[in-house]
Amino acid sequence: MSDDPKTLVSTDWLYQHLGDPDLRILDGSYYLPDAGRDGKAEYDRGHIPGARFFDIDEIADTRSAVPHMAPPVEKFMSRMRAMGVGDGHQVVVYDGSGLFSAARVWWMFRLMGKTDVAVLDGGYPKWLAEGRPTEDLPPVLKERHMTVQRQAHFVRDVTQVAAAAKLGDHAILDARGPGRFAGSEPEPREGMRAGHMPGAINVHYATLLNEDGTMKHVAQLKTIFEASGADLTKPVITTCGSGVTAAILSLALERIGHRNHSLYDGSWAEWGRFDQLPIETG
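No experiment lies behind these values; they were computed from the predicted model shown.

Undergrad: Can you break down the overall build of the chain residue by residue, with the values?
TA: Across its full length, the chain holds 10 helices and 10 strands. Compactness check: the chain gives a C-alpha radius of gyration of 18 Å against a globular reference of 19 Å for 282 residues, within 12% of the reference. Expressed as lengths along the three principal axes of its C-alpha atoms, the size of the chain is roughly 50 × 40 × 35 Å. Within the span of the chain, comprising 282 residues, buried residues form 53% of the whole. Restricting the contact set of the chain to residue pairs at least 6 apart, pairs at least 24 apart contribute 78%. Taken together, the 30 basic and 38 acidic charged side chains of the chain have centroids lying 4 Å from each other.

Undergrad: Which residues make up helix 8 (residues 218-227), and what are the values?
TA: Considered for burial, the residues of helix 8 that qualify are Leu221, Ile224 and Phe225. Seen end-on, helix 8 carries its buried residues on one side only, within an arc spanning 95°. The exposed set on the far side of helix 8, more than 90 degrees from its buried face, consists of Ala219, Glu226 and Ala227. Elements in contact with the buried residues of helix 8: strand 7 (171-174) and helix 9 (246-255).

Undergrad: Got a sec to walk through helix 6 (residues 158-167)? Specific residues and values, please.
TA: Within the span of helix 6, buried status applies to Val161, Ala164 and Ala165. One side of helix 6 carries all its buried residues, which in axial view fall inside an arc of 100°. Turned more than 90 degrees away from the buried face of helix 6, the exposed residues are Thr159, Lys166 and Leu167. If you follow the buried residues of helix 6, they end up packed against strand 6 (155-156), strand 7, strand 9 (236-239), strand 10 (261-264) and helix 10 (267-271). One side-chain oxygen at the N-terminal end of helix 6 lies 3.2 Å from the backbone nitrogen of threonine 159; it belongs to aspartate 157. At the C-terminal side of helix 6, glycine 168 shows a positive phi close to 70°.

Undergrad: Give me the lowdown on the packing of helix 8 against helix 9, citing residues and values where you can.
TA: Across the interface, helix 8 lies against helix 9 with an axial gap of 9 Å and an inter-helix angle of 115°. Of the two elements, helix 8 crosses helix 9, and the hand of that crossing is left-handed. Residues Val218, Leu221 and Phe225 of helix 8 lie in contact with helix 9, whose contacting residues are Leu249, Ala252, Leu253 and Arg255. Residues belonging to the contact of helix 8 with helix 9 are distributed by class as follows: 6 nonpolar, no polar and 1 charged.

Undergrad: Explain the sheet that holds strand 9 to me, using residue names and the numbers behind them.
TA: Sheet architecture is open: 5 strands sit in the order 6-10-9-7-8, paired in parallel fashion. In the strand order of this sheet, the two ends are held by strand 6 and strand 8 (201-202), each with one partner. Relative to strand 10, strand 9 runs parallel, the two being bridged by 3 bridges. Of the residues in strand 10, the one forming a bridge with isoleucine 237 is serine 262.

Undergrad: So what's going on with unusual backbone geometry? Residues and values would help.
TA: Of note, the phi angle at histidine 68 is positive, near 35°, even though the residue is not glycine. Relative to the assigned elements, histidine 68 resides in the loop between strand 3 (52-53) and helix 3 (73-82). The phi dihedral of serine 267 falls on the positive side, at around 45°, and the residue is not glycine. With respect to the element layout, serine 267 can be found in helix 10.

Undergrad: Describe the nonpolar core, naming the residues involved and giving the relevant values.
TA: Formed by 55 residues in total, the largest nonpolar core has its most connected members in Phe54, Phe76, Trp107 and Phe109. No other element matches the 8 residues that helix 4 (residues 102-111) contributes to this core. Those residues in contact with phenylalanine 54 that lie beyond four places of it in its chain are Leu26, Asp27, Gly28, Ile59, Phe76, Met80, Met83, Val105, Met108 and Phe109. Core analysis: the next-biggest nonpolar cluster, separate from the first, contains 15 residues, Val9, Tyr43, Ala51 and Tyr124 among them.

Undergrad: Explain the pairing of strand 10 to me, using residue names and the numbers behind them.
TA: Neither face of strand 10 is open: one carries His261 and Leu263, the other Ser262 and Tyr264, and all of them are buried. A crossover links strand 9 with its parallel partner strand 10, the connecting element being helix 9, and its sense is right-handed.

Undergrad: For the sheet that holds strand 2 (residues 23-27), give the residues involved together with the corresponding values.
TA: Pairing within the open sheet is parallel, and its 5 strands lie in the order 1-5-4-2-3. If you trace the sheet from one side to the other, it starts and ends with strand 1 (8-9) and strand 3, each paired once. Across 2 bridges, the pairing between strand 1 and strand 5 (residues 117-120) is parallel. The residue bridging valine 9 from the neighbouring strand is leucine 120, located in strand 5.

Rules and cut-offs
- Residues numbered from 1 in each chain as written.
- Predicted model: local features only at pLDDT ≥ 70, side-chain atom pairs only at ≥ 80, totals over all residues.
- Heavy atoms only, no water.
- Helix = DSSP H or I, 4+ residues; strand = E, 2+ residues; numbered from the N terminus.
- Rg over C-alpha atoms; globule rule 2.2 N^0.38 Å.
- Buried < 20%, exposed > 50% of the residue type's maximum accessible area, 1.4 Å probe, protein only.
- Contact = heavy atoms within 4.5 Å.
- Lys, Arg positive; Asp, Glu negative; His and termini not counted.
- Charge placed at Lys NZ, Arg CZ, Asp CG, Glu CD.
- Arc of directions from axis to C-beta.
- Polar contact = N/O pair within 3.5 Å; in protein donor to acceptor, adjacent residues only side chain to side chain.
- Axes fitted to C-alpha atoms, helices over the stretch in contact; angles between N-to-C directions.
- Left-handed = near helix turned anticlockwise from the far one by under 90°.
- Nonpolar A, V, L, I, M, F, W, Y, C, P; charged D, E, K, R; others polar.
- Pairing = 2+ DSSP bridges.
- Core = buried A, V, L, I, M, F, W, Y, C linked by side-chain atoms within 4.5 Å.
- Right-handed = clockwise from strand over helix to strand, strands pointing away.

Put into structure tokens, the structure is as follows:
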């Protein structure tokens, strides 16, 4: 792969830059409730040297009934300052799955106007498989100033997505598995209707990844998006179950040079709850 500190970097790249004073590494591990895994507990047992734990469920808008919605600007800034992450830092995010929730953290930084942020390709599993160093002690944190300029065009709410679905002026790409998209498999959250938004196209996030959790090459990504039937001449809205794997699509779109994309933060956890919103199955 070609390393890009604004999208995706390799384990080799990170290893070579471990000592950089302006590098900040974040463990953004998050697991679905039925996975039986605890991201913070795993971080405490071992992590990449210098990494801080980024809690997707806590660094969020906890006033919302929808899980891990993007936090208010002030909360994001205060959490990052306390973690010693600030202006002028190159951020690298990884997770314990390979490439799953780290893309969500990448997207959140982009939403806040921060572009010097990349996902670690293959994540912690690849790092461990290569015998690279780990530690089990939290880093010593020094507060660092951070300024934020929220990029409103990078996120969409339910009203905007409903309008886009009705008008057909956006390509809506759904990252969930084919069964959930078609409505033939039940949703993991109770009270959710099954199916997808009218006009949405299924691009399962797993199809963008290799077996080792690394992202496929740019040419392969382009082929997958083209094969889905998505009209990439339009602006793209990415969506999924709760706004996590949608960010993998957003990251892949950024990798292929499609800059006009936004993420539906509420995703199916919001859309699937409201009977007045239309759905399609099959």
